[in-house]
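Chain by chain, the residues:
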Amino acid sequence: MKIISDIQELRDHLRGQNRASFVPTMGNLHEGHLSLMRLARQHGDPVVASIFVNRLQFGPNEDFDSYPRTMQADIDKLEKEGVYILFAPTERDLYPQPQEYRVDPPQQLGDILEGEFRPGFFKGVCTVVLKLFSCVQPKVAVFGKKDYQQLMIIRQMAKQFALPVDIIPAETIRAEDGLALSSRNGYLSTAERAEAPALQRLLNEVRSQVLNLNERNVEALTTIEKNAVAQLAKRGWSPDYIAIRQQSDLAPTSNENLQAGEPLVILTAAKLGKTRLIDNLEI
Ligand code: AMP
């Protein structure tokens, strides 16, 4: 595997490749990331991965400085997956000047859910992803459904800018007890780690409650959401949101749409101690 930090050197290595598939990450790789590498291999060749902890997408009080950086272990894992190039730019490589041009996703998608609790997050994500796409120029790029809203926003960005890249979604990989794998799981204490799967269990419960409704209407969904938030809080979590939304645009749904069989998704973010976990489940 070639490890490259310089944009020009990356371009030189990829010259003439028009089927590259790309997996952007922030490193501290786990099985979830590796499943994306395997999916990428099915959709293109060569596979290019990136590791870059993107300052632009972290809020002032978030974990940019303490975000786990485990480059050597990550390299070993990517070697085993047969990744052809690891693009691991430094901040100076990717942002040689302050990044003043940024991609601002539409409010109705970028400022809800994660965007409400992490202002500017999706602006930082879109900006770095557009720039990484420009560096790698892949034919396809793989993103996890674990970050459901992010996947949707990147898809819309690619569509609206007519980027010549197909966005491929990857299923969420979970630990045996159901907890979605995440680099931030490493922040959990032993007791918190034992409690953490409660989040996915709750998503499953919420899904059952929705499926068991005699009639789906907005009022019933709101009651289910409120009860779920209360249940998490009772277990000692600090929930940011548990929201049942339309899969198509993540907006709150209407009785009319519900009657027409609108597909739904449950999205959640909640803090357990100092660790903020997110998860989602399609209905
Ligand atoms: P990150 O390093 O957290 O920025 O994640 C890089 C990519 O891996 C994103 O597309 C994530 O959605 C995806 N990802 C993170 N966790 C998982 C998981 N448990 N299963 C599948 N994909 C994941």
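Fair warning: this is a prediction, and the values are worked out from it, not measured in the lab.

### Thoughts on unusual backbone geometry
Part 1: The peptide bond linking D45 to P46 adopts the cis configuration, its omega dihedral lying at 0°.
Part 2: By secondary structure assignment, the location of P46 is in the loop between α2 (31–43) and β3 (47–51).
Part 3: One non-glycine residue, N28, adopts positive backbone phi at about 55°.
Part 4: Within the fold, N28 resides in the loop between β2 (21–25) and α2.
Part 5: The class of N28 is buried, set by a relative accessible area of 18%.
Part 6: Non-glycine residue A162 carries a positive phi angle of around 50°.
Part 7: Relative to the assigned elements, A162 resides in the loop between α8 (148–160) and β6 (166–170).

### Examining the environment of V165
Part 1: By the secondary structure assignment, V165 is in the loop between α8 and β6.
Part 2: V165 sits in the buried class, given a relative accessible area of 8%.
Part 3: The spatial distance from the C-alpha of V165 to the C-alpha of Q8 is 20 Å, given a sequence separation of 157 residues.
Part 4: With residues near it in sequence (within four places) discarded, V165 still touches F133, P138, K139, V140, A141 and A158.

### Some remarks on the site of the ligand
Part 1: Every one of the 16 residues lining the ligand counts as a neighbour, but M26, G144, D147, I173 and L181 are closest to it.
Part 2: At a separation of 2.9 Å, an oxygen atom of the ligand approaches a polar backbone atom of G144.
Part 3: A total of 490 Å² of accessible area belongs to the ligand in isolation, and the protein chains cover 91% of it.
Part 4: Per-element tally for the shell around the ligand: the top contributor is α2, with 3 residues.
Part 5: Taken together, the residues of the shell around the ligand sort by class into 7 nonpolar, 6 polar and 3 charged.

### Overview of the pattern of salt bridges
Part 1: Counted according to the given criterion, the structure contains 14 salt bridges.
Part 2: Between R184 and D63 there is a salt bridge, with the nearest N and O atoms lying 2.8 Å from each other. Note that R184 is positioned in the loop between β6 and α9 (190–195) and D63 in the loop between β3 and α3 (71–80), a separation of 121 residues in sequence. D63 shares its class with R184; the two are buried.
Part 3: Residues D240 and R276 are paired through a salt bridge, measuring 2.8 Å at the closest nitrogen-oxygen approach. Taken as a pair, D240 in strand β7 (residues 238–246) and R276 in strand β9 (residues 275–282) lie far apart in primary sequence, 36 residues in all.
Part 4: Taking relative accessible area as the criterion, D240 reaches 25% and is therefore assigned partly exposed.
Part 5: Each of E31, R38, R41 and E81 takes part in salt bridges that share partners, so that together they form one network.

### Regarding the packing of helix α1 (residues 7–14) against helix α7 (residues 121–136)
Part 1: Packing of α1 against α7 brings their axes to within 8 Å, and their N-to-C directions diverge by 50°. Accordingly, the angle class assigned to the pair α1 and α7 is oblique. From α1, I7, L10, R11 and L14 reach across to α7, where they touch S134, C135 and V136.

What counts and what doesn't
- Numbering of residues starts from 1 in every chain and runs along the sequence as written.
- Totals for whole chains, interfaces and linings use all residues, but because this is a predicted model, local features are given only for residues with pLDDT of at least 70 and pairs of side-chain atoms are given and counted only at 80 or more.
- Working from all heavy atoms in the structure, the side-chain values ignore hydrogens and water.
- Helix and strand assignments follow DSSP, with helices taken as H or I runs no shorter than four residues and strands as E runs no shorter than two, numbered in order from the N terminus.
- The rule is simple: take the accessible area with a 1.4 Å probe, protein chains only, and divide by the maximum for that residue type; under 20% is buried, over 50% is exposed, in between is partly exposed.
- A contact between two residues is defined here by any heavy atoms of the two lying within 4.5 Å.
- Being near a molecule or strand, for a residue, comes down to having at least one heavy atom within 4 Å of it.
- N or O atoms within 3.5 Å of each other form a polar contact, as long as, within protein, one can give a hydrogen and the other can take it, and as long as residues adjacent in sequence are counted only when both atoms are side-chain atoms.
- All accessibility values rest on the Shrake-Rupley procedure with a 1.4 Å probe; residue burial counts only the protein chains present in the view.
- Only Asp, Glu, Lys and Arg are considered charged in this grouping, and only Ala, Val, Leu, Ile, Met, Phe, Trp, Tyr, Cys and Pro are considered nonpolar; every other residue, Gly among them, is considered polar.
- A carboxyl oxygen of Asp or Glu within 4 Å of a side-chain nitrogen of Lys or Arg is what we treat as a salt bridge.
- Each axis is a line fitted through C-alpha atoms, and for a helix only the stretch in contact is used; angles between axes span 0 to 180 degrees, taken between their N-to-C directions.
- When an angle is under 35 degrees it counts as roughly parallel; over 145 it counts as roughly antiparallel; between 65 and 115 it counts as roughly perpendicular; any other value is oblique.

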